[in-house]
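Structural description and commentary
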Amino acid sequence: MGRRVERLVFAINGERYEVSGVDPSTTLLEFIRTRTRYRGPKLGCGEGGCGACVVLLSKYDPTTDQVEEFSASSCLTLLCSINFYSVTTTEGLGNAKDGFHSIHQRMAGFHASQCGFCTPGMCMSLFSAVVNADKKTDRPEPPNGFSKLTVSEAAKAIQGNLCRCTGYRPILDACKSFAADVDLEDLGLNTFWKKGDKDLKTTKLPSYSSGRVCTFPEFLKTEIQSSSSVLNGTTLTSVEEGWYRPDSIEELYKLLNSNAFDERKVKLVVGNTGSGVYKDMDLYDKYVDLRAIPELSVIKKDNKGIEFGAAVTISRAIEVLREENDGAAVFKKIADHMNKVASPFVRNTASLGGNIMMAQRSEFASDIATILLAAGSTICIQTPSERLTLTLEEFLERPPFDCKTILLSIFIPSWSIAGTELLFNTYRAAPRPLGNAVAYLNSAFLAQISPCKESGAFILDKVQLAFGAYGTQHAIRARKVEEFLVGKAVTTSVLLEAFGLLRETVVASKGTSHPEYRTSLSVSFLFSFLHPLAKDLTEPGKTLISNSDTAKYPHGCLNGYENNMALNHVYHDDSDLHFSSQQEVEFSKDYFPVGAPTNKAGADIQASGEAVYVDDIPAPKDCLYGAFIYSTRPLAHVRGINFNNSLAAQKIVSVLTVKDIPSGGQNIGVSFVFGTEPLFADSLTEYAGQPLGILIAETQRYANMAAKQATVDYGMENLEPPILTVEDAIKRQSYFQIPPPFDPKSIGDFSKGMAEADQTIQSGEVNLGSQYYFYMETQTALALPDEDNCLVVYSSSQCPELTQSVIAKCLGIPFHNVRVITRRVGGGFGGKAFKAIAVATACALAAHKLRRPVRMYVDRKTDMIMAAGRHPMNVKYSVGFKSDGKLTALHIDLRINAGISEDVSPLIPGAVVGALKKYNWGAFSCDVKVCKTNLPSKSAMRAPGDLQGSYIAEAIIEHVASVLSLDTNYVRRKNLHTFESIMLYCEGNFGEASSYSLPSMFDKLALSPTYQQRVEMIKNFNSANKWKKRGISCVPSIYQVRLRPTPGKVSVLNDGSVVVEVGGIEIGQGLWTKVKQMAAFGLGKLWEDGGVNLLEKVRVVQADTLSLIQGGVTGGSTTSESSCEAVSLSCDILVERLKPIKDRLQEQAGFVSWGALIAQATMENINLSASEFWTPDQTSSSYLNYGAAISEVEIDLLTGATTVLRSDISYDCGKSLNPAVDVGQVEGAFVQGIGFFVNEEHLSNSDGLVVTDGTWTYKPPTVDTIPRELNVELFSSGYHQKHLLSSKASGEPPLLLAASVHCAIREAVRAARKEHFSITGSEKSSSVFELPVPATMPVVKEMCGLDNIEKYLESISAHQSVKV
Ligand SMILES: Cc1cc2nc3c(=O)[nH]c(=O)nc-3n(C[C@H](O)[C@H](O)[C@H](O)COP(=O)(O)OP(=O)(O)OC[C@H]3O[C@@H](n4cnc5c(N)ncnc54)[C@H](O)[C@@H]3O)c2cc1C
Ligand code: FES
Ligand code: FES
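Sequence positions are assigned chain by chain, starting from 1 and proceeding in written order. Working convention: letters from A go to chains and numbers from 1 go to ligands, in the order in which they are written. In view of the model being predicted, local features appear only for residues whose pLDDT reaches at least 70, and side-chain atom pairs are presented and counted only at 80 or more, with totals across whole chains, interfaces and linings using the full set of residues. Water and hydrogen atoms were dropped before computing side-chain values, which therefore reflect all heavy atoms in the structure.

**Concerning the site of ligand 1**
Let me state the cut-off plainly: By convention in these notes, a residue is near a molecule or strand provided one of its non-hydrogen atoms lies within 4 Å of it. As used in this structure description, the phrase polar contact means that two N or O atoms lie within 3.5 Å; if the pair is within protein, one of them must be able to donate a hydrogen and the other to accept it, and residues adjacent in sequence are counted only when both atoms belong to side chains. Only the protein chains shown count as cover for residues, and the accessible areas themselves come from Shrake-Rupley with a 1.4 Å probe. Secondary structure elements follow DSSP: runs of H or I no shorter than four residues count as helices, runs of E no shorter than two count as strands, and numbering proceeds from the N terminus. Note on residue categories: nonpolar means Ala, Val, Leu, Ile, Met, Phe, Trp, Tyr, Cys or Pro, charged means Asp, Glu, Lys or Arg, and polar means any other residue, Gly included.
Around ligand 1, 34 residues are found, and the nearest of them are Leu-268, Val-270, Thr-273, Gly-274 and Ser-351. Separating an oxygen atom of ligand 1 from a side-chain N or O atom of Thr-273 is a distance of 2.6 Å. With the chains in place, 95% of the 970 Å² that ligand 1 exposes on its own is no longer accessible. Of all the secondary structure elements, the ones that give two or more residues to the shell around ligand 1 are β8 (266-269), α10 (274-277), α14 (352-362), α15 (367-374) and β14 (406-413). Among the residues making up the shell around ligand 1, the classes are represented as 20 nonpolar, ten polar and four charged.

The structure is reproduced here in structure tokens:
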């Protein structure tokens, strides 16, 4: 069975690693993070779906002396598979000590890193793209400082990488800055040049030159050259105990047939990316790596076609297919489609064979199987007894093959047939146009056509129609439809009949989501393919698929739909995306360096992977790891927890439950003013996702895997059914109290207001679902037992102070025994406020009990199941209005689904109503119920309640406008507050009348001549385009923020360096940056002319609950400014102490440097540390923020896909403390809002267990779903006496403005419905409708008519018969 080689040799960042005895299931990511000093690659999902773990792999071929370099997801790559590879992480590009790489510097300089957790992965995806572009010999040498990358490739480079903070625009700019064809003028706000600089030269950018990073060290080349094992591939058969690498089919079968081979414990792998799709349920102890079998790697081409060995990667196959000239168009179409499978870093290691085997065995929704099926491919397999060649269709239809059947190769025939006209095209409808999203349906069609001499029509001589991914066992050929079509000319009636047959064929299996939508897509795609052949399909004045004035967005809406193309057409890559942006900001020098758009503090070390997050802290000696065991039932007795007899279960060190809470301690996991939540369920579990205990093992992976083996024994006796919906809660009167100060107040007399109305709507309704935080760093903590019954806990938390108190209460120890430290958080968005506490407490409990350090990095699935997220709600409304659109009265019945405990829920009604009051409704009243349900408790998520309130207001306004047939923006404008009415309506500090900037921002956007022109253009577009419609909408927002008391401490060390501590936590929002600027400004006041810039002398350090107390909660958008206030006060104290010395020295020497001043103050024993606890006064504790945004979208009526063509955001930031940070907050919040309104379906099963529990099913925006043009203006409303240096908050309010995208979609849908329902004769129902949130592809398509094609054809047909 092959000779063993005892060691595994590879390089990481140029260092040699020789490893033996490694568990073969260890991933490269796990190895790097736990066994090396590198922490750049991060764990974001563990399933290939986020890109946080991307590294560059380099492979050396000693025969050609060439190095191949490609990105890979290190979370899926098994360590044993990289023998003799070289690995480059972001640390390998550069670092703080030796100098950063220009990729790091440009990421920092373009403000492309906020929390920074995604940044190392972004850097490596970009680096891989740049390195490979530079290898292209057919491209001209780029100008100095650029690479050969193109702008279009720059966007695709980060296609699979998720970022939850930035909104991608600045990341794109950093990527584009390397492209040889970039226009530097197009790049956004950066620290390299100022807007308006005439001389934009690359010299201003940190220099880049190709090949500076050595990705493959010489020593490894030499080692490989001298190793005959690698050269001839014969002896390297087994690297490790448990890792087999057979080099022939015979060797493989010897292994498979041996006693050592137990199917349950052995896994055959190529790229192992399949484990991102189907998670391993247990550990494997043996792996068989198929890549050394030469037959599996061959690529043979001849005039009949191309044969690919099964282990050939998808990326390599794309390259080969694109190189072909014979049968080029079919091959190139296949390549284009494959380019949308997963992401580059998955495709680079994923094999064709692995994909097809998953389709055959596991009902995987494969794209590759579908497109190869239509192309008439064949498959060669080896069973233990024979070698067989089957058509792909036969292969897929066989019962699932066992693991002793090996896929050897795939043959794609060449389709260039002389003298015939051939059509081939492929389609996929997926939430993301560029990939990294499984399709709702994919299809590929091939047709051979000939002209009919008599009629001039085209006859279909041969047709191959393949469909897959729609909830089918495997991709299928639609045989009945094919048979029907063959020999026919394409006419309206033929199409209609074919679609009827198709609807009977493409039927999703039970339990598949959106089954009718998927079927309707099959009709859309076949229609797209065949309609150009139909002679009778043109409607006067309409182009069917054309985009008459889409020159600006030539590929506006390609996710799921593309124009048909005959084979002999010129080839082009259809997936080019064009992005542009502008940032209008004012830089104020009044308080320099406050007001300057400086780099985010630490952005460069975030890019280079040196920034330390909780899971990056090296594991202490004897560290153990924890994983939650959670309930899957909403309400049940827990009788016991048992474990399967499995390899993973053997790894359990301990399981701790409620019984392990020490006497004197409490079962408490969360605490806030309104109530507490238990750490673990006791004998009764009250929601699916509730922690039942924590399992402890020697590694995180073992702990996670072992927790999966738990089976919980539930009992249901004497239990009422669980309450899961607001309707259940209302029936059972299950509510949380809202303390009176938080109960929203009525205004005026509602009945009177209704009586004054010309018209009323009595029963409007809006339903809003939840949203998951999707911070890139999941919940994590590390607890270390310390002397004298103390603990040090590192927690990724937005409120270390509360964490400290809950841990102490749980363990029954004084608060001062618990030190909680938080340096930075890899994204919070509210999810690491209260939800992080239980994670830290569980770790602390385990560390306390086991007397060993315990760490927990919650896996993405568990995090998604436990963390809940935004509050779902239902609103019923009655509204009265005049005929001219003026509102007279509004009443809402607001029902909020809060989950099992109070958390922040009693605050949500106030926030909903506060944001809703952006319009003057006349009289206003509300009835609010905060419902207690058997669901995980919902918590604060960025703009909690305000987001929903603002949207509800828009939904009502739209309803009113459609009833009155008025322009919605007109109704909006008519009902915007005056300064007088806003004072009546809203609470808080309004400042001067001149600071009420909302009407002017709204008018600037919605009443401008450009806007009117765009409206006209949209009208023209809509009447000229049958299958695409556009909409535009402008939305205002009002957002009230509250400031909370916050501590700050400023200390000056003897060398003049300054260290600052604040209560607030750096969660990516730029708090440290603003605090640094404030400290520099505050201390710089000693020099009246601001002549000394202390910025670089200031370091902000981690929060430590025993060093600076009363830190409070970071949230509500105001922590940066209140931390700055505290720092400013502390600086004032220091300035007061230092001023006399400075004046004295100045008198003596004329000029005093900062260093000399501090040296003297030290000599004079001046106290150089000052701290203050800032508390807002009555008049400054809350204020209103204003913004407006206008968005234009295009929807595709065939697929339901939305493209956001353009968004213009105007946000009043006062005098921005740091315009770069604030623009980042505006864009990031806006894109997160687009996620809520368009992309993110947060779904649970009938027990309330979250089922959208990974990157596979939950789809936050990616680079290809952001607005193609994104313009931001920081509107400076001037001087605000009561605000910190006249600034205003920026973290949450801009999120509300993303409603403009939803409202624009609604306008586009309205246009579509008008046309559709005029055909169906039910025009009335077309204009008044509720467009659900999120408006995903299935939703949009449904609203536009799932049968819109048939209805259209029927109308044409009817028209034709009338003519006859
Ligand atoms: C994030 C992500 C997104 C994705 N998106 C898409 C998508 O949009 N469309 C799509 O079509 N695919 C998608 N995929 C699937 C991807 O194409 C497959 O995971 C990949 O091709 C599998 O190849 P592999 O070499 O990694 O297989 P492995 O993971 O190594 O193996 C997969 C399975 O196939 C078996 N196997 C592998 N090779 C052979 C062989 N030659 N003979 C017999 N058995 C074999 C293995 O034993 C294992 O059971 C996605 C995957 C990920 C991780
Ligand atoms: S952690 Fe590897 S792709 Fe998400
Ligand atoms: S900066 Fe990208 S996830 Fe935070």
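**Comments concerning the UniProt feature "binding site: [2Fe-2S] cluster 2" (unreviewed entry) in the protein**
Heads up, the condition is: UniProt positions are given in the numbering used here, feature names are shortened, and annotations may be inferred rather than shown by experiment. Here a residue-residue contact requires only that any non-hydrogen atoms of the pair lie within 4.5 Å.
Mapped onto this numbering, the UniProt entry annotates "binding site: [2Fe-2S] cluster 2" (unreviewed entry) at Cys-115, Cys-118, Cys-163 and Cys-165. Across 51 residues of sequence, these annotated residues stay compact in space, with a maximum C-alpha separation of 9.4 Å. Filtering out sequence-adjacent residues up to four positions away, Cys-163 remains in contact with Cys-118, Met-122, Tyr-168 and Ile-171. Relative to the helices and strands, Cys-165 resides in the loop between α5 (151-157) and α6 (169-176). Beyond its immediate sequence surroundings of up to four residues, Cys-165 is in contact with Gln-114, Cys-115, Phe-829, Gly-1224 and Gly-1228.

**Topic: unusual backbone geometry**
Residue Pro-593 follows Phe-592 across a cis peptide bond; omega there is 5°. Mapped onto the elements of the fold, Pro-593 is located in the loop between β19 (580-584) and α20 (603-607). The residue Asp-788 is not glycine, and still its phi comes out positive at about 55°. One non-glycine residue, Ala-868, lies in the positive phi region at around 55°. Mapped onto the fold, Ala-868 is located in the loop between α26 (860-866) and β34 (873-881).

**Here's the deal with the pairing of strand β30 (residues 780-786)**
Counted only if it meets this: Paired strands are those between which DSSP finds at least two bridges.
Relative to strand β33 (residues 854-857), β30 runs antiparallel, the two sharing four bridges. Looking across to β33, one finds that Thr-780 is bridged to Tyr-857. In textbook terms, the turn of a hairpin is the stretch between consecutive antiparallel strands, and for β30 and strand β31 (residues 790-795) this stretch comprises three residues, one of which, Asp-788, has a positive phi near 55°.

**Digging into the sheet that holds strand β25 (residues 684-685)**
Strand pairing in a sheet takes place through backbone hydrogen bonds and is either antiparallel or parallel in direction. The strand order across the open sheet built from three strands is β25-β21-β27, with neighbouring strands paired in antiparallel fashion. Whereas interior strands pair on both sides, the edge strands pair on one side only; in this sheet they are β25 and β27 (710-715).

**Topic: the environment of Ile-249**
Definition in use: Relative accessible area decides the class of each residue, using a 1.4 Å probe on protein chains only: under 20% of the type maximum gives buried, over 50% gives exposed, and in between gives partly exposed.
Along the polypeptide, Ile-249 turns up in helix α9 (residues 249-256). On the basis of relative accessible area, Ile-249 is assigned to the buried category, the value being 5%. Between the C-alpha atom of Ile-249 and that of Ile-406, which follows or precedes it by 157 residues, the distance is 9.0 Å. Setting aside chain neighbours within four positions, we find Ile-249 in contact with Ile-293, Glu-295, Leu-296, Gln-382, Arg-387 and Leu-408.

**Overview of the UniProt feature "binding site: FAD" (unreviewed entry) in the protein**
The residues that UniProt annotates with the feature "binding site: FAD" (unreviewed entry) are Ser-351, Leu-352, Gly-353, Gly-354, Asn-355, Asp-367, Leu-407 and Arg-428. Over a stretch of 78 residues, the named residues are scattered through the fold, their C-alpha atoms separated by up to 25.5 Å. Along the chain, the position of Gly-353 falls in helix α14. If sequence neighbours within four positions are ignored, Gly-353 has contacts with Ala-310, Leu-407 and Ile-410. Mapped onto the fold, Asn-355 is located in helix α14. Beyond its immediate stretch of four places on either side in the chain, Asn-355 contacts Phe-364, Ser-366, Ile-368 and Ala-369.

**Here we look at empty space enclosed by the protein**
Where empty space is left becomes clear once a probe the size of a water molecule has been rolled over the atoms. Applicable threshold: Both cavities and pockets are sets of points on a 1 Å grid over the protein atoms alone; in a cavity a 1.4 Å probe fits but cannot get out, in a pocket the set is open with protein on both sides within 12 Å along at least five of seven lines, and lining residues sit with an atom within 4 Å of a point. Grid points are joined across faces, edges and corners, and a volume is the space filled by probe spheres set on the points.
Applying the stated criterion to the full structure yields 15 cavities of 30 Å³ or more. In this model, the largest cavity occupies a volume close to 200 Å³. Lining the largest cavity are 18 residues; nearest its centre among them are Tyr-687, Pro-691, Lys-835, Ala-838 and Met-866. Secondary structure elements with two or more residues in the lining of the largest cavity: α25 (835-850) and α26.

**Quick notes on the side chain of Asn-1239**
Considering the arrangement of structural elements, one finds Asn-1239 in helix α36 (residues 1219-1239). In contact with Asn-1239, not counting residues within four places along its chain, are Ile-1234, Lys-1259, Pro-1261, Thr-1265, Pro-1334 and Thr-1336.

**Comments concerning the pattern of salt bridges**
What counts here: Whenever Lys or Arg places a side-chain nitrogen within 4 Å of a carboxyl oxygen from Asp or Glu, that contact is recorded as a salt bridge.
Taken as a whole, this structure holds 75 salt bridges when the rule is applied. With a shortest N-O distance of 2.7 Å, Arg-164 and Glu-1240 are connected by a salt bridge. With Arg-164 in the loop between α5 and α6 and Glu-1240 in the loop between α36 and β45 (1269-1275), the pair connects residues that are 1076 residues apart, well separated along the chain. Ionic contacts of the salt-bridge type, sharing partners, join the residues Arg-33, Lys-42, Asp-615, Asp-616 and Arg-855 into one network.

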